[in-house]
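Structural overview for review
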Amino acid sequence: MKKQKRSLQKRIFGFGAIFVSLVAIIIGVSLYFTMSHAIEDEIGERALSIAKTTAERPDILAGFQSENPTELLQPIALEIQGLTGAEYIVIGDEEGYRYAHPVEDRIGEKMVGDDNEQALVYGKSYVSEATGTLGSALRGKAPVLDEQGEIVGIISVGFLKEDMSLIFARYIDNIAYIVLIAIAIGIIGSSILARTIKKELFNLEPSEIANLFMERNALIESIREGVIMVDAKGIITMINTAAHEVLSLPTEAQLVGRNIWEVIPNTYLLQVMETGEQHLDRPMEIKGKKAIVNRIPIRVGEEIIGAVSSFRLQSDIDKLSEELSQVKQYTEALRAQTHEYHNFLYTISGLIQLHSYEDAIELIQLETAEHQSLIQFMTRRLQDPFLGGIVIGFLNRAKELKVRFILDEDSYLEKIPSHLQKHLFVSIIGNLVTNAFEAVESKPEAERNVRIYIFDNGEEIIIEVEDSGDGMPNGLLDIVLTEKISTKSEGDHGYGLVKVKDSLNDLAGKISIERGDLGGALFIVSIPKGGYLHDKGN
């Protein structure tokens, strides 16, 4: 089985405790050696000071000038040794032979250590480390000078290294206590740090954070809207592939780390961060393209740390609107057909209840004949079920609106070519016929006429929609095809012809308007069957 990784909190605690312990031990060892050297230096200076002071005493010089120097110097050396705590004080003549020594048997012998030359030859006072008869020691050496400044002897004050080690040992316990206290504080601090970091990371493990990061990237890339995120300074921290496409930049272009002003000069993200207000469904032009933009500040508590913007091209939204419009038209057609048949059934039911059986039969035969005639016409002249369905739907809608809907008997279309998008045909016919119905709704019922003509001449598909309304002023076609203009004062109108123009652009079609025989507007649409005349990707 795969060994399970320790939690982040345990790892932080473990690493922190080990690190602090190592640092504390290193500091403790360093402190020990530093103190040891300091103590050695201090004891050496002490030995040197005792040696120099002793060498300058008059009774010491008098002892050197007496007939028996040892008799006078030995008691003085022992006295100074007792007062100062030195391990030994040795007094020797100019040749290095002992006049005084803690061990009386060694008086008269040559001083050992080979470290007397600087004092006896050059008259210097110094500290040396050497091994004598009593062991390794730090020695303070000072020459003894007579009244003429001549070197007559040497004073050697020693402190054994062994005794110094005992002094050092007394400090080890204190240093060890300090190290242990430091380790304990480090362990407690590591525990607090581990809990704090885990809390800051929402109690998530590194693997969970990595998974969330990858899931976030996958989610953002799956969104069809462009998404850009910036920090508080306006630096881009995240951008998805859809945003690159909207900005007309290659995916490999490095935008993260750049200022948002360099990429989108007319951005309002910085204003959103300053005010803290959201911008929802705001129109904007990005790189010459119309888009709908959302801007939301990113907050951590009360602080705004950045902002995120999502945007989508207006053309994409228009396509969705067209599809919804088509669904609505189908739904409306079905509702009108259902309503018409309900009226028909109610009429038959009333005639039967009135025992007008002949009238009921005549009505049924009339309706059946009309329906069969329509079906036969569709079968012979408009064989494409897609167009046949919408035409029948508008026939039923026209009955409900009390409009005479004329399907030109010269119409003929076998099938819409597969490479042409059928939903665009539905959008074009639907919007033109709907506008025609609205154009005649204010007319008397007898004058409400709408005619549709669909014909395939082999090279292009011709669609004509004519109404008996008031028509359209000359020169207004170019405007209504590009701007939202409507003759209605209420409601949300005026989009129909703009959508027709957009659909025709996708099909490489053309539209024109004339004064029709019915007295109103006549819209003539031509769509080439050969396919697109331009590449939509350019």
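Preceding block: the structure.
Residues numbered from 1 in each chain as written. Predicted model: local features only at pLDDT ≥ 70, side-chain atom pairs only at ≥ 80, totals over all residues. Heavy atoms only, no water.

1. Re the sheet that holds strand β13 (residues 460-467)
So the rule is basically this: The rule for pairing is simple: two strands pair if DSSP sees at least two bridges between them. Note on conventions: DSSP H or I runs of at least 4 residues are helices, E runs of at least 2 residues are strands, and numbering of each starts at the N terminus. Axes here mean lines fitted to C-alpha atoms, for a helix over just the part in contact, with angles spanning 0 to 180 degrees between N-to-C directions. We call two residues contacting when some pair of their heavy atoms lies within 4.5 Å.
One open sheet holds the 5 strands; their spatial order is β11-β12-β13-β15-β14, and the pairing between them is mixed. Either end of the sheet is taken by a strand with one partner, and the two such strands are β11 (404-407) and β14 (510-515). The average angle at which neighbouring strand axes cross in this sheet is 15°, direction not considered. In this fold helix α12 (residues 385-401) packs onto β11 and β12 (449-456), with an angle of close to 155° to the strand it touches most, β11. Docked against the sheet, helix α13 (residues 422-440) engages β11, β12, β13 and β15 (521-528), running at close to 15° with respect to β13.

2. Looking at the packing of helix α2 (residues 58-65) against helix α3 (residues 69-84)
Quick note on the threshold: The labels follow the angle: roughly parallel below 35 degrees, roughly antiparallel above 145, roughly perpendicular from 65 to 115, and oblique for the rest. Left-handed describes a crossing in which the near helix is turned anticlockwise from the far one by less than a right angle; the clockwise case is right-handed. Classes in brief: Ala, Val, Leu, Ile, Met, Phe, Trp, Tyr, Cys and Pro nonpolar; Asp, Glu, Lys and Arg charged; the others, Gly included, polar.
Running from N to C, α2 and α3 cross one another at 155°; their axes reach a closest spacing of 7 Å. Classed by the angle they form, the pair α2 and α3 counts as roughly antiparallel. Along this stretch, α2 crosses α3, giving a crossing that reads as left-handed. Residues Asp59, Ile60, Ala62, Gly63 and Phe64 of α2 form the contact with α3, whose participating residues are Pro69, Leu72, Leu73 and Ile76. Its residues assigned to classes, the contact of α2 with α3 comprises 7 nonpolar, 1 polar and 1 charged.

3. As for the sheet that holds strand β7 (residues 236-239)
The 5 strands are arranged β7-β6-β10-β9-β8 in an open sheet whose pairing can be described as antiparallel. Of all strands in the sheet, those with a lone pairing partner are β7 and β8 (279-286), marking the two edges. Between one strand axis and the next, the sheet turns through 25° on average, direction left out of account. Two strands pair when backbone bridges link them, and strand β9 (residues 289-300) and strand β10 (residues 303-313) are joined in this way by 10 bridges, in the antiparallel orientation.

4. Thoughts on the pattern of salt bridges
Put simply, the rule reads: Criterion for a salt bridge: a side-chain nitrogen of Lys or Arg within 4 Å of a carboxyl oxygen of Asp or Glu. Buried residues are those whose accessible area, probed at 1.4 Å on protein chains only, stays under 20% of the maximum for their type, while exposed residues exceed 50% and partly exposed ones sit between those limits.
As enumerated under the stated definition, the model contains 10 salt bridges in all. For aspartate 59, the salt bridge is made with arginine 57, and the minimal N-O distance between the two is 2.7 Å. Aspartate 59 sits in the partly exposed class, given a relative accessible area of 27%. Here glutamate 466 ties to arginine 451 by a salt bridge, and the two come within 2.9 Å at their closest N and O atoms.

5. Description of the environment of alanine 176
Mapped onto the fold, alanine 176 is located in helix α5 (residues 161-200). Of the residues examined, alanine 176 reaches a relative accessible area of 34% and is grouped as partly exposed. Between the C-alpha atoms of alanine 176 and tyrosine 32, which are 144 residues apart in sequence, the distance is 9.6 Å.

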